[in-house]
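Working through the structure, step by step
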Amino acid sequence: MSRVSSFLSFSLTLLIFLHGYTAQQFPNECQLDQLNALEPSHVLKSEAGRIEVWDHHAPQLRCSGVSFARYIIEPKGLYLPSFVNTAKLSFVAKGQGLMGRVIPGCAETYQDSPVMQQGGDMHQKVEHIRCGDTIATPPGAAQWFYNEGNQPLVIVSVFDLASHQNQLDRNPRPFYLAGNNPQGQVWLRGREHQPQRNILSGFAPEVLAQAFKIDVRTAQQLQNQQDNRGNIVRVQGPFGVVRPPLRGQRPQEEESNGLEETICSARCTDNLDDPSNADVYKPHLGYISTLNSFDLPILRFLRLSALRGSIRQNAMVLPQWNANANAVLYVTDGEAQVQVVNDNGERVFDGQVSQGQLIAIPQGFSVVKRATSEQFRWVEFKTNSNAQINTLAGRTSVMRGLPLEVISNGYQISPEEARKVKFNTLETTLTHSSGPASYGRPRKAEA
Amino acid sequence: MSRVSSFLSFSLTLLIFLHGYTAQQFPNECQLDQLNALEPSHVLKSEAGRIEVWDHHAPQLRCSGVSFARYIIEPKGLYLPSFVNTAKLSFVAKGQGLMGRVIPGCAETYQDSPVMQQGGDMHQKVEHIRCGDTIATPPGAAQWFYNEGNQPLVIVSVFDLASHQNQLDRNPRPFYLAGNNPQGQVWLRGREHQPQRNILSGFAPEVLAQAFKIDVRTAQQLQNQQDNRGNIVRVQGPFGVVRPPLRGQRPQEEESNGLEETICSARCTDNLDDPSNADVYKPHLGYISTLNSFDLPILRFLRLSALRGSIRQNAMVLPQWNANANAVLYVTDGEAQVQVVNDNGERVFDGQVSQGQLIAIPQGFSVVKRATSEQFRWVEFKTNSNAQINTLAGRTSVMRGLPLEVISNGYQISPEEARKVKFNTLETTLTHSSGPASYGRPRKAEA
Amino acid sequence: MSRVSSFLSFSLTLLIFLHGYTAQQFPNECQLDQLNALEPSHVLKSEAGRIEVWDHHAPQLRCSGVSFARYIIEPKGLYLPSFVNTAKLSFVAKGQGLMGRVIPGCAETYQDSPVMQQGGDMHQKVEHIRCGDTIATPPGAAQWFYNEGNQPLVIVSVFDLASHQNQLDRNPRPFYLAGNNPQGQVWLRGREHQPQRNILSGFAPEVLAQAFKIDVRTAQQLQNQQDNRGNIVRVQGPFGVVRPPLRGQRPQEEESNGLEETICSARCTDNLDDPSNADVYKPHLGYISTLNSFDLPILRFLRLSALRGSIRQNAMVLPQWNANANAVLYVTDGEAQVQVVNDNGERVFDGQVSQGQLIAIPQGFSVVKRATSEQFRWVEFKTNSNAQINTLAGRTSVMRGLPLEVISNGYQISPEEARKVKFNTLETTLTHSSGPASYGRPRKAEA
């Protein structure tokens, strides 16, 4: 009896294991029958903020080949410098602060006096960031953030795991230059219970002492071994870095040398929250702005782009699909009713997405969004430097491009009906929606 | 006893499962000991034609990272608009018709009167297609075909699953804008028994009604729910779309606006059946034409190219290999004797390939073809926008590039023999073959 | 009892199998807790030399997506022409010789008399190679080497399996044009016990006879069936190939036609051993030279680059990481103490690497090297045509780019200490190290 039961339990374990394995590893990893509005699965707490990480093993993120994180930095909080193994695109969802990105080899163009003096400093570019800023970061480039406002600074970032810019496996791997992560890389199997230290702590202190020409005690200090503040620390006293005036007065030209003209001075930030730069703008409905490699050339290299949308109650974004990219949609304000349809014609999502939630829209999947709160605002990150949207309805839609004969024969409707399908909607992207908040139809035909 | 047998059957099942699993998933997925001339594994029947799909899990296709399909459209048949998640290259193997590709955002440049009138229409470019036309389609772009001839219109298409243009998994996923597929995506595990509907049928009819500004009844009609005509339907009455005169008289310049000058007016079609444009031409043997990104710039973006060959009885294509691409060879007419050799020096194919059959030739594998019917005609799709062929024998071959000393020392032959090996064959690609139809040698040394 | 034991043995076998399987196949294939200095795992012996192959399944090589081999060619040894399915970058570690690369379709620009005469020859470019030469080879291009010196000619090569240039699976697959490999492709599962023949031996001799217009006996000779000399053979008598004078006197311009101006005459070789071209040079410490796509444009296409380093006893290469590439480091002379740190801040390597050993440094991993012999010389191959190094300490380091406030807050040190950390080391890459040979700290915190 015990043999039978042990055999059965073994078989069961094995089958569960294999099922989990095949479910995760079989090539049909984009065969999505259901999407979900995702919330963070891990929270890393720090002295002056927290990092919230989405589970990149979730089927819809795995299919899209990206991972996602949210950084909440409290006032006077400093997100210590780190770099990742992937191209990264970030969006400032709330607050304001300073951002520094260090590209080793580039000159320290920010200095507080012409001649290096006692107490003075010189360092690489520091930028003001504020809500709406979209920040491109190449792999391996160190970056830090500082909240100098009075409210939390919230930054969301997408990491493109599937791109050739990432030469490691399909896992996000932050490398900490300072600070640490006492909870460990909880999103990686086998790393959950190991604290993650900064990379200096992996070297022998004597090696660091020689490399930095400092004493061993200071070298040990660089390893943050006794430090349990995490990776977002509270700054004591004023944060005296050299910084330019606030944007608007920002000088377009910075002091430059030959090297800077290339990668060192490449612009890596743009703001998507100014309706006066919107690509689609309707006063009563909202606006949509895109950021692609034509606006920000470094995106061509990173193969990423972004879209910012802001619509009012009951405005609808006409049904559309991404032709050449996966997209991840993060809600910054309000909520919307969203329907998503997969390649099989099944509705794989039909529900609310609310502030702080994430949903991935794979290539080709069609989506329609309708604001159900006073304001619905979101940012979409796309895995192509020049992502193309195709709309199903409207003045620039696929229906408008089809001959009437194709429409009437395809749907078995009269030429008059075909004409309505083709020409009735004059808008391109945004239209007014007067319908109920939800249609209550079951998600899948067989459900 | 029953325990033992159940244990054994479980073990056996498990081992078979694991064997199937490892055979398919182990990294040596290009370790091919045998190729086969492949025929379609699935047939999707429609009202006015059928779609024949090759099993993309076949080892040689999986190694090549592509899938393949053949569309047979009967006279007055309309292949309804659909798009796929990959770059696609198609070849018109038989017949003639019309093709429309809709790139949302581009203007409707085809209209039947300067001013939009009742009964008139305007839509995007419509092209005549005929045998030999090679058509490049980017991912996510909707496309339809119409057969306006008297014989079946046959189109074969390759889908590049392995390219970064496909951002989903390595499965071909057509998205139907109209029509449906009652048999389901039979080539995808888990989708065999689910009918595939058009993408509009995934949205609530009320959402469609609002998006298209039509009534709900018409919106329901757009979902083709009660429709079992499949994706190729028979057009009732005349097919009155705006179309240019037949090619030859085709105007080189079309009406354009700024946007069209870029992607909207990019040429996507070229004909490979005109011997006067052949790259290799020998009156008594045949001709070979190639289409790469120098001829059709959009191919650089799609990373695909094509080769069309037509040879007469007993002509031989000298042994060669693809340096930087996988190739899939589809026979449009006649038959040939083909030998293929893998990296281990084994003959992995030695047999006939006939009209309608497909064979994949992975990168580096050497192949020799000899026509065994009056005419042998084929098309090869290659996974590189500028695929390079290296020949083993002939005036531009690798042997001609090697010093005589290397040849005589390598093969232990006399300088005189080395000279013959190097210089005897003066042709570059095609030569006359007088041998028997088959040599009857076993395929593999150990077989 | 026997049932139980058979069940247990089955379970055990299965678990071992699954463990091996999951250990190799799980997506965390870059989760490296330990690196090793690797030596060749397979030796293929030939008549006049041997090929030493590193196991490309080793976790650190699999993570880096490359394989590695060393060719030892004895005096008068000829490495017969072969090609591979990947981009390849080679480095001449010892000796001198001749190299020929055949690009089919290019002209035979080397001929020993203006008119083709009896006894004369013409063939493609032949180049002298010597220690320090770095040679780029595209996939599918045939290449041969000949040792015309008095000591062994040693060449090491990296094969980029993960690049899109390789369109097969992630295995190195040499294709032999002549010669053979009686031991078989021992690095491939399932190929260990099958001799690997040249690709001509896969065709029927009658086919070869027709293709080369030679008799069947000579065709059989081309198959090297009775040949057990391997792929490096001893040349009998003088090796009379047409060759230019030794470099230094090398003419910059060769006879050219239109085709040659493009790929046929693309330079594919550069020497990294001339300190007068070094990128970093300190007389008492050593030098570092890099070769990227700015120096050798073909590397942009191959997505590879190289770095050559030569340092003296106790010189230290400051700690650094590769921002956008994996690197494999091969030691050509001497030995060094090396420490490597992973993303988790763990020291994953702490030991000696010596002449003939290899170590992979994945993207983002930090490394510090200190010479522990009179001379330490190495070559690094990187999987990016323009690999960027970021240093931790020194005048162009990440620390110099950070504001003092970030350093003092990050490491909880005083402004004075932060100033030392940032400014004390004035060198950029190389510094003097006076420390002991080893620090004897355990590699991992928990070890």
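Our subject is the structure that appears above.
Worth saying up front: this structure is predicted, and the values here are computed from it rather than measured.

The next point concerns the overall build of chain A. Helices and strands together make up the secondary structure of chain A, namely nine helices and 27 strands. Per-residue burial for chain A yields a buried fraction of 64% across its 447 residues. Counting contacts in chain A only where the partners sit at least 6 residues apart, residues at least 24 apart contribute 74% of the total.

Residues and elements named next belong to chain A. Pairing within the open sheet is antiparallel, and its seven strands lie in the order E1-E2-E3-E12-E5-E10-E15. Taken across any chain shown, the strands that pair with only one partner, and hence form the sheet edges, are strand E1 (42-46) and strand E15 (269-271). Direction aside, neighbouring strands of the sheet carry axes that sit 20° apart on average. Here five bridges tie E1 to strand E2 (residues 49-53), and the two strands are oriented antiparallel to one another. Along E2, the bridge assignment pairs Ser 46 with Gly 49.

Attention shifts here to the relation of the copies chain B and chain A. For the pair chain B and chain A, the relating rotation is 120°, the translation along its axis is 0.1 Å, and the fit reaches an RMSD of 0.1 Å. Expressed as an axis order, the relation between the two copies is that of a three-fold axis.

According to the stated counting rule, one finds 61 salt bridges over all chains in the structure shown. Taking the shortest distance from any N to any O, the salt bridge between Asp 169 of chain B and Arg 173 of chain B comes out at 3.2 Å. Neither residue differs from the other here; Asp 169 of chain B and Arg 173 of chain B are each classed as buried. The partner of Asp 273 of chain C in a salt bridge is Arg 308 of chain C, with the nearest N and O atoms 2.6 Å apart. Note that Asp 273 of chain C is positioned in the loop between strand E15 (269-271) and strand E16 (280-282) and Arg 308 of chain C in strand E18 (residues 305-312), a separation of 35 residues in sequence. Assigned by exposure class, Asp 273 of chain C and Arg 308 of chain C land together as buried.

Superposition record for chain A on chain C: RMSD 0.1 Å, screw rotation 120°, translation along axis 0.0 Å. An asymmetric contact is evident, with only 8% of the interface residues of chain A recurring at the interface of chain C.

Moving on, we come to the state of the cysteines. Residue and element names in this part refer to chain B. For the coordinates displayed, the defined rule picks out three disulfides over all chains. Across a sulfur-sulfur distance of 2.0 Å, Cys 30 and Cys 63 are joined as a disulfide pair. On the sign convention where negative means left-handed, the S-S torsion of about 105° between Cys 30 and Cys 63 marks this disulfide as right-handed. In this pair, Cys 30 sits in the loop between helix H1 (2-25) and strand E1 (42-46) while Cys 63 sits in helix H2 (residues 59-64), placing the two residues 33 residues apart along the sequence. The class of Cys 30 is buried, set by a relative accessible area of 2%. Take Cys 63: its relative accessible area is 4%, and that puts it in the buried class.

Now for the interface of chain B and chain A. Contact with chain B, which involves 86 residues of that partner, is made by 87 residues of chain A. Contact with chain A buries surface across chain B, with Gln 167, Phe 203 and Gln 210 of chain B losing the most and accounting together for 10% of the total. Inspection of the chain B/chain A interface yields six salt bridges. In terms of residue count, H1 of chain B provides more of the side of chain B that touches chain A than any other element does, eight residues in total. Looking at side-chain class alone, the side of chain B that touches chain A contains 40 nonpolar, 30 polar and 16 charged residues.

Attention now moves to the sheet that holds strand E5 (residues 87-94) of chain B. Residues and elements named next belong to chain B. Taking strand neighbours across the sheet as the criterion, the seven strands line up as E1-E2-E3-E12-E5-E10-E15 in an open arrangement whose pairing is antiparallel. Of all the strands in the sheet, the pair left with one neighbour each is E1 and strand E15 (269-271). Adjacent strand axes in the sheet meet at a mean angle of 20° when their direction is disregarded.

This paragraph deals with the interface of chain A and chain C. Interfaces are often described in size by the accessible area the parts lose on coming together. Each partner contributes to the interface: chain A provides 85 residues, whereas chain C provides 86 residues. Summed over both partners, the interface of chain A with chain C comes to about 6800 Å²; 57% of that surface belongs to carbon and sulfur atoms. Taken together, chain A and chain C are joined by six salt bridges. The interface formed by chain A and chain C holds 40 residue pairs in polar contact (both at pLDDT 80 or more) in total. Residue contributions to the side of chain A that touches chain C peak at eight residues, all from helix H1 (residues 2-25) of chain A. Residues that form the side of chain A that touches chain C fall into these classes: 40 nonpolar, 30 polar and 15 charged.

Quick look at helix H8 (residues 404-411) of chain C now. For H8 of chain C, the buried fraction is high: eight of the eight residues fall into the buried class. Where H8 of chain C is concerned, the buried positions are Leu 404, Glu 405, Val 406, Ile 407, Ser 408, Asn 409, Gly 410 and Tyr 411 of chain C. Its buried side turned inward, H8 of chain C meets strand E4 (77-84), strand E11 (142-147), helix H4 (216-221) and strand E14 (232-234) of chain A together with helix H7 (398-401) and helix H9 (415-423) of chain C. Just downstream of H8 of chain C lies Gln 412 of chain C, where phi reads positive at about 55°.

Once that is clear, we can look at the packing of H8 of chain C against H9 of chain C. Residues and elements named next belong to chain C. In the contact formed by H8 and H9, the axes pass within 9 Å of each other and the chain directions differ by 115°. Taken together, the axes of H8 and H9 are roughly perpendicular relative to one another. Seen from above, H8 lies across H9 with right-handed handedness. Contacts from Leu 404, Ile 407 and Ser 408 in H8 reach Pro 415, Ala 418, Arg 419, Val 421, Lys 422 and Phe 423 in H9.

Our next topic: the side chain of Ser 82 of chain B. All names here are of chain B. Mapped onto the secondary structure, Ser 82 falls in strand E4 (residues 77-84). One polar contact links Ser 82 to Tyr 79, side chain to side chain, over a distance of 3.0 Å. For Ser 82, the contacting residues outside a window of four places in its chain are Ala 141, Ala 142, Gln 143, Phe 175, Tyr 176 and Leu 177.

On to the side chain of Asp 343 of chain C. Within the fold, Asp 343 of chain C resides in the loop between strand E21 (335-341) and strand E22 (347-354). Judged by relative accessible area, Asp 343 of chain C falls into the buried class, the value being 0%. There is a polar contact of 2.8 Å between the side chain of Asp 343 of chain C and the side chain of Gln 185 of chain A. Asp 343 of chain C has contacts with Arg 173, Pro 174, Phe 175, Gln 185, Arg 191, Gln 196 and Arg 197 of chain A together with Phe 365 of chain C, leaving out every residue within four places of it along the chain.

One pass over the structure, following the stated rule, counts 36 aromatic pairs over all chains. Between Trp 54 of chain C and Tyr 330 of chain C the ring centres are 6.3 Å apart and the planes differ by 85°, which places this aromatic pair in the edge-to-face class. One end of the pair, Trp 54 of chain C, is in the loop between strand E2 (49-53) and helix H2 (59-64); the other, Tyr 330 of chain C, is in strand E20 (residues 327-333), and 276 residues separate them in sequence. Tyr 330 of chain C carries the same exposure label as Trp 54 of chain C, and that label is buried. Linked through ring pairs, Trp 54, Phe 68, Tyr 330 and Phe 381 of chain A together constitute an aromatic cluster.

Those residues of H9 of chain C not exposed but buried are Glu 417, Ala 418, Arg 419, Val 421, Lys 422 and Phe 423 of chain C. Buried residues along H9 of chain C sit in contact with strand E8 (122-123), helix H3 (205-212) and H4 of chain A together with H7 and H8 of chain C.

All names here are of chain C. Overall, the relative accessible area of 15% leaves Asp 273 in the buried class. Counting along the chain gives 14 residues from Asp 273 to Tyr 287, while the straight-line C-alpha distance between them is 9.5 Å. Among the polar contacts made by the side chain of Asp 273, one reaches the side chain of Arg 308 at a distance of 2.6 Å.

In this section: unusual backbone geometry. Phi is positive for Lys 76 of chain B, close to 65°, though the residue is something other than glycine. Tracing the sequence through the fold places Lys 76 of chain B in the loop between strand E3 (66-73) and E4. Residue Lys 213 of chain C is not a glycine yet carries a positive backbone phi of 55°. On the secondary structure map, Lys 213 of chain C appears in the loop between helix H3 (205-212) and helix H4 (216-221). A relative accessible area of 32% places Lys 213 of chain C in the partly exposed class.

Conventions used here
- Residues numbered from 1 in each chain as written.
- Chains lettered and ligands numbered in written order.
- Predicted model: local features only at pLDDT ≥ 70, side-chain atom pairs only at ≥ 80, totals over all residues.
- Heavy atoms only, no water.
- Helix = DSSP H or I, 4+ residues; strand = E, 2+ residues; numbered from the N terminus.
- Buried < 20%, exposed > 50% of the residue type's maximum accessible area, 1.4 Å probe, protein only.
- Contact = heavy atoms within 4.5 Å.
- Pairing = 2+ DSSP bridges.
- Axes fitted to C-alpha atoms, helices over the stretch in contact; angles between N-to-C directions.
- Least-squares fit on C-alpha atoms with pLDDT ≥ 70 in both.
- Salt bridge = Lys/Arg side-chain N within 4 Å of Asp/Glu carboxyl O.
- Disulfide = S-S within 2.5 Å.
- Buried area = accessible area lost by both parts, 1.4 Å probe.
- Nonpolar A, V, L, I, M, F, W, Y, C, P; charged D, E, K, R; others polar.
- Polar contact = N/O pair within 3.5 Å; in protein donor to acceptor, adjacent residues only side chain to side chain.
- Parallel < 35°, antiparallel > 145°, perpendicular 65-115°, else oblique.
- Left-handed = near helix turned anticlockwise from the far one by under 90°.
- Phe/Tyr/Trp six-rings, centres within 6.5 Å; stacked < 30°, edge-to-face > 60°.

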